[in-house]
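Structural characterization, general
Residue strings, one per chain:
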Amino acid sequence: MVITPTHFTKHHQKIVAEAEEKEEKEEFELLSQECKELLLSLPKEKATIPKSGTTWLKALVFAIINRKRYSNTQNHPLLTLNPHDLVPFLEYKLYSNNQVPDLSNVFPDDHDQPRTFATHVPYPSLEESIKKSENVMIVYLCRNPFDTFISSWHFTNKLRPESLPGKFSLEDAFKMYCSGVVGLGPFWEHMVGYWNESLKKPEKVLFLKYEDMKEDIVSNLKELASFLGFPFSVEEERENVIEEIARLCSFDKLKELEVNKSGKAMTFSKQFENKHLFRKGIVGDWVNYLNPSMVNQLSQLMEEKFEGSGLSFKVL
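Residues numbered from 1 in each chain as written. Predicted model: local features only at pLDDT ≥ 70, side-chain atom pairs only at ≥ 80, totals over all residues. Heavy atoms only, no water.

The protein chain is annotated in an unreviewed UniProt entry as Sulfotransferase from Acer negundo. According to the UniProt record, the Sequence similarities (unreviewed entry) comment for the protein chain reads "Belongs to the sulfotransferase 1 family." (UniProt positions renumbered as here; feature names shortened; annotations may be inferred.)

Rendered as structure tokens:
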């Protein structure tokens, strides 16, 4: 997996430049042997491009898989812990700063319970053994590039060091975004990579769209639960368990929890404020920021890069 922060920085420009000269898969070799061995044994994994609903998906996956264990939502871990603490990132949390984690504290006591982790790593960078393993299942959540960009730009400025002058301008960020100069490579390659695999191996890779989930959360949760191997029973549907999970993991619910308003998480040995993970969580906020020229440029870029893939988005 690639160990890369998700900010627009000179460091990322260097990574992208190097990626143009080397195969993306070589980046996997940067990890420790322990991390590689862990990846080979992962039963479940969720993936996203940054600022595409990662926190939301983590909450939903955790709630679905553990709904029998935490049937009483009043005592649910999501009420006191941030989703990133419950479904940790491999590259940002477990193996950051060359640490080797105590996996006994990560893996569930119940061996029938799947081990669930997260990553922002592009599909081509995954080890071949992971792609071919029958035990690894991947859930990928994708958001339309317009809103993904705006959310990333806001997030970058929230985390911008005080030592740097001013904010990162929308215009500069947009130029880099459309040029593919971002921490994990061009957004179109990231999205199409997982999209194509979901078409080839639908039993292994589930491709979800943020906009579809916002529009019809119940149908998408049923699909997600079935894919994970934890389908909702007729009785659960009758008792509105799906709707309860949707409410528990909703943007408004998570944003108002004390742990997400004042809590902090440790990433790369730095304190990270959970409140920065929650802004608006809506579809179409980009209309408040992008001028007609930008909209036209990004639309043409999407048409060019997604041509023939069958991948499309609802942007409003």
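Okay, back to it.
**Some details on helix H8 (residues 170–179)**
Residues Leu170, Ala173, Phe174, Met176, Tyr177 and Cys178 constitute the buried set of H8. Looking at the residues trailing H8, positive phi occurs at Gly180, about 80 degrees. (Buried < 20%, exposed > 50% of the residue type's maximum accessible area, 1.4 Å probe, protein only. Helix = DSSP H or I, 4+ residues; strand = E, 2+ residues; numbered from the N terminus.)

**Comments concerning the side chain of Asn220**
Looking at where Asn220 falls in the secondary structure, it is placed in helix H11 (residues 217–228). Ignoring any residue separated from it by four or fewer positions in sequence, one finds Asn220 in contact with Leu208, Asp212 and Met213. (Contact = heavy atoms within 4.5 Å.)

**Some thoughts on unusual backbone geometry**
The backbone phi angle of Lys51 is positive, close to 65 degrees, even though this residue is not glycine. When you line up the elements, Lys51 lands in the loop between strand E1 (44–48) and helix H3 (54–65). Look at Lys51 and you get buried, because its relative accessible area is 17%. Positive phi, close to 60 degrees, is recorded for Asn240, a residue that is not glycine. Take Asn240: it is sitting in the loop between helix H12 (234–238) and helix H13 (241–248). Classification of Asn240 by relative accessible area gives partly exposed; the value is 39%.

**Thoughts on the pattern of salt bridges**
Taken as a whole, this structure holds 11 salt bridges when the rule is applied. Residue Lys222 is joined to Glu237 by a salt bridge in which the shortest nitrogen-to-oxygen separation is 3.4 Å. Taken together, the positions of Lys222 in helix H11 and Glu237 in helix H12 put the pair 15 residues apart, joining distant regions of the chain. Between Glu304 and Lys305 there is a salt bridge, with its nearest N and O atoms 3.8 Å apart. Given the relative accessible area of 33%, Lys305 is considered partly exposed. Among the charged side chains, a network of salt bridges with common partners joins Arg67, Lys68 and Glu236. (Salt bridge = Lys/Arg side-chain N within 4 Å of Asp/Glu carboxyl O.)

**Concerning the packing of H11 against H13**
Axis separation between H11 and H13 bottoms out at 10 Å; the angle between their running directions is 105 degrees. The angle between H11 and H13 places the two elements in the roughly perpendicular class. Together, Ile217, Val218, Leu221 and Lys222 of H11 and Ile242, Glu243, Ile245 and Ala246 of H13 make up the contact between the two elements. When grouped by side-chain class, the residues that make up the contact of H11 with H13 number six nonpolar, no polar and two charged. (Axes fitted to C-alpha atoms, helices over the stretch in contact; angles between N-to-C directions. Parallel < 35°, antiparallel > 145°, perpendicular 65-115°, else oblique. Nonpolar A, V, L, I, M, F, W, Y, C, P; charged D, E, K, R; others polar.)

**Some details on the packing of aromatic side chains**
All told, the structure shown has 15 aromatic pairs when counted by the stated rule. When the ring of Trp153 is compared with that of Tyr289, the centres are 6.0 Å apart and the planes differ by 70 degrees; the resulting orientation is edge-to-face. Taken together, the positions of Trp153 in helix H7 (residues 145–158) and Tyr289 in the loop between strand E6 (270–273) and helix H16 (292–305) put the pair 136 residues apart, joining distant regions of the chain. For Trp153, a relative accessible area of 13% gives the class buried. Since its relative accessible area comes to 26%, Tyr289 is described here as partly exposed. With a centroid separation of 5.0 Å and an interplanar angle of 85 degrees, the aromatic rings of Phe187 and Trp188 are classed as edge-to-face. (Phe/Tyr/Trp six-rings, centres within 6.5 Å; stacked < 30°, edge-to-face > 60°.)

**Observations regarding H16**
Taking 1.5 Å as the rise per residue, H16 with 14 residues should run 20 Å; its terminal C-alpha atoms sit 20 Å apart, in good agreement. Those residues of H16 not exposed but buried are Met294, Leu298, Leu301 and Met302. Down the axis of H16, the sector holding all buried residues measures 100 degrees, keeping them to one side. Facing away from the buried side of H16 by over 90 degrees, the exposed positions are Pro292, Ser293, Glu303 and Glu304. Backbone nitrogen of Ser293 and a side-chain oxygen of the N-cap are separated by 3.1 Å at the start of H16; the cap is Asn291. (Expected span 1.5 Å × (residues − 1). Arc of directions from axis to C-beta. Polar contact = N/O pair within 3.5 Å; in protein donor to acceptor, adjacent residues only side chain to side chain.)

**Observations regarding the pairing of strand E3 (residues 137–142)**
Most of E3 sits out of view: six of its six residues are buried. By the alternation rule, side chains of E3 split into Met137, Val139 and Leu141 and Ile138, Tyr140 and Cys142, which are all buried. Where E3 meets strand E4 (residues 205–209), five bridges bridge the pair, whose relative direction is parallel. Within E4, the position partnered with Val139 by the bridge is Leu206. (Pairing = 2+ DSSP bridges.)

**Brief notes about the confidence of the model for the protein chain**
Per-chain confidence: the protein chain averages 82 in pLDDT, with 79% of residues scoring 70 or above. Segment residues 30–43: pLDDT under 50, and 30 contacts once partners within four positions in sequence are set aside and those in other chains are kept. (pLDDT = per-residue confidence, 0-100.)

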